[in-house]
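The residues making up each chain are set out below.
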Amino acid sequence: MMLVAERIPEVRDVIRRARAAGRTIGFVPTMGALHAGHLSLMHASRRECDFTAVSIFVNPTQFGPQEDLQRYPRPRDADLALCETASVDVVFFPAVEEMYPPGATTFVEVAGLSDVWEGAIRPGHFRGVSTVVAKLFQIVPADRAYFGQKDYQQQLILRRMVRDLNLPIEIVTCPIVRDADGMALSSRNAYLSPNERRAGLAISQALSEAGQAYNSGERQPRRLQRMLSDRLTGTRGLAVEYAVVVDPETLAELDEPQSSMVALIAARAGKTRLIDNAIFGESQS
Ligand code: AMP
């Protein structure tokens, strides 16, 4: 039976008992509006751990004032049904006041990595993410936490946070789940009109073309980067924010080839921001 816990002591108690029974705990933090990408994280946890916890929390501190916090989809019943089909053991579903009591002023900030690319365009975003994930790791003390490569910079920042703060949890990064046409699944895809979706498709196509060039021997990061931007700027209805080839650990732009490189893209189709990425060469995680 899947348990839904809205209160912190309740979910803590469930995890404590699972631990006391000698079970390993996997944890999948999400903002809900669950899709096959989230499901793949739950399946990975189910495969590798004895007990799986999912959290569903639309975290206000990671949204900017002009962003989509209010309209972010919250299909509670469908989300819980999906967790149930994935054989999740407990869903932590807190209200905002449960997570942020009035007067909360403590934040976790991974300096440097949080200030580039997504962080440059969304100031304060990663501070909100690292703070809520640090809190969630205290509330749901798991052995492993599962994140998607879809949010490449996010999983990198969270790995750094876990290392720097000696948090006793292992971050596992799972592959990007895509629709049949190649588009990376995202809760925000629901916002897209048919035309915007067509424009957005250029993002995964650009990544896959650059991937093909890489596989055919192209190793120059600047040339790979040029391929991305040519493809994207040539697409009507798409406003590119960044399309870069970077070092997988520092996220610095590259001038010379190296054994692993990451292509990061962010672009807007209408009002909707879309992000995607691809790793060329050896995967780091
Ligand atoms: P979100 O609910 O958007 O905060 O995402 C929760 C987790 O699901 C994050 O670790 C995301 O990286 C991951 N995720 C979102 N979309 C995908 C996808 N298409 N493939 C794999 N993981 C994903």
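Below or above, wherever it landed, is the structure these notes cover.

1. What about the packing of aromatic side chains?
Moving on, step 1. Tallied over the entire structure, the rule returns six aromatic pairs.
Moving on, step 2. Note on Phe57 and Tyr100: the rings are 6.2 Å apart at their centroids and 35° apart in plane angle, and the pair reads as tilted. Taken together, the residues span a long stretch of sequence, with Phe57 in the loop between β3 (51-56) and α3 (76-85) and Tyr100 in the loop between α4 (96-99) and α5 (118-121) at a distance of 43 residues.
Moving on, step 3. For Phe57, a relative accessible area of 5% puts it in the buried group.
Moving on, step 4. Relative accessible area serves as the criterion here: at 16%, Tyr100 is assigned to the buried category.
Moving on, step 5. Put simply, the rings of Phe27, Phe137 and Phe147 pair up and form one aromatic cluster.
Moving on, step 6. We note Arg71 situated over the ring of Tyr191; from NZ or CZ to the ring centre the distance is 3.9 Å.

2. Brief notes about the site of the ligand
Moving on, step 1. Near the ligand lie 16 residues; those nearest to it are His38, Gly148, Asp151, Val177 and Leu185.
Moving on, step 2. Take His38: an N or O atom from its side chain is 2.9 Å from an oxygen atom of the ligand.
Moving on, step 3. Between Val177 and the ligand, the recorded distance is 2.9 Å, taken from a backbone N or O atom to a nitrogen atom.
Moving on, step 4. Contact with the protein chains removes 91% of the 480 Å² of surface that the ligand exposes when unbound.
Moving on, step 5. Counting only elements with at least two residues in the shell around the ligand, the list comes to β2 (25-30), α2 (36-48) and β5 (144-148).
Moving on, step 6. Among the residues forming the shell around the ligand, the class breakdown is eight nonpolar, six polar and two charged.

3. Some points on the environment of Phe51
Moving on, step 1. Relative to the assigned elements, Phe51 resides in strand β3.
Moving on, step 2. Sequence separation between Phe51 and Val132 is 81 residues, and the spatial gap between their C-alpha atoms is 22 Å.
Moving on, step 3. Apart from the residues within four sequence positions on either side, Phe51 is in contact with Val14, Ile15, Ala18, Arg23, Thr24, Ile25, Gly26, Ser45, Asp89 and Val90.

4. A few points about the sheet that holds β3
Moving on, step 1. With parallel pairing, six strands are arranged side by side in an open sheet as β1-β4-β3-β2-β5-β6. Looking at strand neighbours, the two that pair on one side only are β1 (3-5) and β6 (170-174), the edges of this open sheet. Direction aside, the axes of adjacent strands within the sheet are offset by 25° on average.
Moving on, step 2. The sheet contact formed by β2 and β3 spans six bridges and is parallel. Within β3, the residue paired with Val28 across the bridge is Val54.

5. Looking at the environment of Met227
Moving on, step 1. With respect to the helices and strands, Met227 occurs in helix α9 (residues 221-233).
Moving on, step 2. Its relative accessible area of 33% is what places Met227 among the partly exposed residues.
Moving on, step 3. Residues Met227 and Glu209, 18 residues apart in the sequence, show an inter-C-alpha distance of 8.0 Å.
Moving on, step 4. Contacts of Met227, omitting those with residues within four sequence positions, involve Glu209, Ala210 and Ala213.

6. Some details on the pattern of salt bridges
Moving on, step 1. The tally for this structure, following the rule as stated, stands at 20 salt bridges.
Moving on, step 2. In this structure, Glu6 engages Arg76 in a salt bridge whose closest nitrogen and oxygen atoms are separated by 3.4 Å. With Glu6 in the loop between β1 and α1 (8-20) and Arg76 in helix α3, the pair connects residues that are 70 residues apart, well separated along the chain.
Moving on, step 3. Notably, a salt bridge pairs Glu241 with Arg268, separated by 3.0 Å at the nearest N-O pair. Linking Glu241 in strand β7 (residues 238-246) with Arg268 in strand β8 (residues 260-269), this pair joins segments that are 27 residues apart in sequence.
Moving on, step 4. For Arg268, a relative accessible area of 35% corresponds to the partly exposed category.
Moving on, step 5. One connected set of salt bridges, linked through shared partners, spans Glu118, Glu241, Arg268 and Arg273.

7. Considerations on the side chain of His38
Moving on, step 1. Note on placement: His38 falls in helix α2.
Moving on, step 2. Discounting chain neighbours no more than four positions away, the residues touching His38 are Thr30, Gly32, Ala33 and Ser187.

Thresholds, definitions, all that
Residues numbered from 1 in each chain as written. Predicted model: local features only at pLDDT ≥ 70, side-chain atom pairs only at ≥ 80, totals over all residues. Heavy atoms only, no water. Phe/Tyr/Trp six-rings, centres within 6.5 Å; stacked < 30°, edge-to-face > 60°. Helix = DSSP H or I, 4+ residues; strand = E, 2+ residues; numbered from the N terminus. Buried < 20%, exposed > 50% of the residue type's maximum accessible area, 1.4 Å probe, protein only. Lys NZ or Arg CZ within 6 Å of the ring centre and 35° of its normal. Near = heavy atom within 4 Å. Polar contact = N/O pair within 3.5 Å; in protein donor to acceptor, adjacent residues only side chain to side chain. Areas by Shrake-Rupley, 256 points an atom, 1.4 Å probe, with all protein chains shown as cover. Nonpolar A, V, L, I, M, F, W, Y, C, P; charged D, E, K, R; others polar. Contact = heavy atoms within 4.5 Å. Pairing = 2+ DSSP bridges. Axes fitted to C-alpha atoms, helices over the stretch in contact; angles between N-to-C directions. Salt bridge = Lys/Arg side-chain N within 4 Å of Asp/Glu carboxyl O.

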